Amino acid sequence: MAAAEGSLVPEGRASLAAFLLGASVAALPLLPRSGLQGRAALALHVAGINALLRLLYRPPLYQIAIRACFLGFACGCGLLLSFGQSSWRHFGWYMCSLSLFHYSEYLMTAINNPRSLSLDSFLLNHSFEYTLAALSSWIEFTVEKIIYPETKQITWLSTVGLLMVIFGDCLRKAAMLTAGSNFNHIVQNEKSDTHTLVTSGVYGWFRHPSYVGWFYWSIGTQVLLCNPVCVVGYTLASWRFFRERIEEEEFTLIHFFGAEYLEYKKRVPSGLPFIKGVKVEL
């Protein structure tokens, strides 16, 4: 996985090419059409892309490429829904937001910390609870759209949710870029020789800006979908998850950096409401 400084590793380049190939479905104005002809053309397009990926890449690059291509395809379909006349337009915004979030997690890791890069960097298999939450939001949106379709056409509310999503994702990616190789999706139990305490940039605003971004991104997706049940559920579940995650991470950071981190902790808030982090008795 070695690469010249400042260049994108082969895994990153393969993922980017595959994502763009998948997103090319947006160039086909086929999804809004009904009928066998449009569906057949779409199926042929997808099959052609998969065949091309198999020709271009061998394992393990193929496994990376097929995941990136799937996310690109979801993003492309979301774009078609977003700019079409369908009543699913806001769900198209959601599809773009979700796919871009997961793909950019992989791409940012490939840029910043390629040594920790793996298929898990897509965060597609984050946890059972994460998958269950996503499925719940899709079910709520669909059921409420069937029973009360007008509740899914509140454009101003969906726009607020989209702005929350954009803010949250941009903040998280800014945190990843600022932390550089210090950022890892997994809480580290051992301090590497290059691990330093980052307190500049967005880390000067919040101690855990990547978690703050993810928190508001996740809630924003449900505001975007106008899902009242999942807005409450996501807020409570995300808050509990990040409270526990921050306490676990701060135990490690205090062990790594000692008084330096304790001083930083006094100066800078966690960034999440009512979460102060681990309590240390001196």
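Only a predicted model underlies this, so the values are computations on that prediction, with no experimental measurement involved.

Quick notes on the rules
Residues numbered from 1 in each chain as written. Predicted model: local features only at pLDDT ≥ 70, side-chain atom pairs only at ≥ 80, totals over all residues. Heavy atoms only, no water. Helix = DSSP H or I, 4+ residues; strand = E, 2+ residues; numbered from the N terminus. Rg over C-alpha atoms; globule rule 2.2 N^0.38 Å. Buried < 20%, exposed > 50% of the residue type's maximum accessible area, 1.4 Å probe, protein only. Contact = heavy atoms within 4.5 Å. Areas by Shrake-Rupley, 256 points an atom, 1.4 Å probe, with all protein chains shown as cover. Lys, Arg positive; Asp, Glu negative; His and termini not counted. Charge placed at Lys NZ, Arg CZ, Asp CG, Glu CD. Disulfide = S-S within 2.5 Å. Salt bridge = Lys/Arg side-chain N within 4 Å of Asp/Glu carboxyl O. UniProt positions renumbered as here; feature names shortened; annotations may be inferred. Phe/Tyr/Trp six-rings, centres within 6.5 Å; stacked < 30°, edge-to-face > 60°.

**Comments concerning the overall build of the chain**
- Broken down by element type, the chain carries 9 helices and 0 strands.
- Sequence-ordered secondary structure for the chain, helices as α and strands as β, is α-α-α-α-α-α-α-α-α.
- Over its C-alpha trace the chain gives a radius of gyration of 21 Å, about what one expects of a compact globule, namely 19 Å for 282 residues.
- Once the C-alpha set of the chain is aligned to its principal axes, its extents read approximately 70 × 50 × 30 Å.
- Across the 282 residues in the chain, those meeting the buried criterion constitute 45%.
- Long-range contacts, defined as pairs at least 24 residues apart, comprise 76% of the intrachain contacts of the chain with a sequence gap of at least 6.
- Looking at the chain as shown, the accessible area adds up to about 15,100 Å², and 66% of this sits on carbon and sulfur atoms.
- Charge separation in the chain, taken as the distance between the mean sites of 22 positive and 19 negative side-chain charges, equals 7 Å.

**A word on the state of the cysteines**
- Evaluated as defined, the whole model comprises 0 disulfides.
- We note that C226 lacks a disulfide partner, and the nearest cysteine sulfur, in C230, lies 12 Å from it.
- What makes C230 buried here is its relative accessible area of 8%.

**Side note on the pattern of salt bridges**
- Counted according to the given criterion, the structure contains 6 salt bridges.
- For R172, the salt bridge identified is with E105, shortest N-O distance 2.7 Å. Remark: E105 occurs in helix α4 (residues 89-112) and R172 occurs in helix α6 (residues 155-179); sequence separation between them is 67 residues. In terms of burial, R172 and E105 fall into one category: buried.
- Note that D169 is salt-bridged to K173, the shortest N-O span being 2.5 Å. You can see D169 and its partner K173 sitting in helix α6, 4 residues apart, about one turn around the helix.
- On the accessibility criterion, K173 (10% relative accessible area) is buried.
- Ionic contacts of the salt-bridge type, sharing partners, join the residues E105, D169, R172 and K173 into one network.

**As for the UniProt feature "transmembrane region" (unreviewed entry) in the chain**
- Mapped onto this structure's residue numbering, the UniProt feature "transmembrane region" (unreviewed entry) falls at residues 12-31, 37-57, 64-85 and 214-237.
- Here residues 64-85 is 91% helix and 0% strand, with 34 Å between the C-alpha atoms at its ends.
- Regarding residues 214-237, the helix share stands at 88% and the strand share at 0%, and the terminal C-alpha atoms are separated by 12 Å.

**A word on the packing of aromatic side chains**
- In this structure the tally under the stated criterion is 15 aromatic pairs.
- Taking 5.5 Å as the distance between ring centres and 55° as the angle between the ring planes, the aromatic pair formed by W88 and F141 counts as tilted. Taken together, the residues W88 in the loop between α3 (61-83) and α4 and F141 in helix α5 (residues 128-147) connect sequence positions 53 residues apart.
- According to the relative accessible area criterion, W88 is partly exposed, its value standing at 31%.
- Among the residues examined, F141 registers a relative accessible area of 1% and is labelled buried.
- A network of ring pairs unites the aromatic residues F101, Y130, Y211, W214, W217, F241 and F242 as a single cluster.

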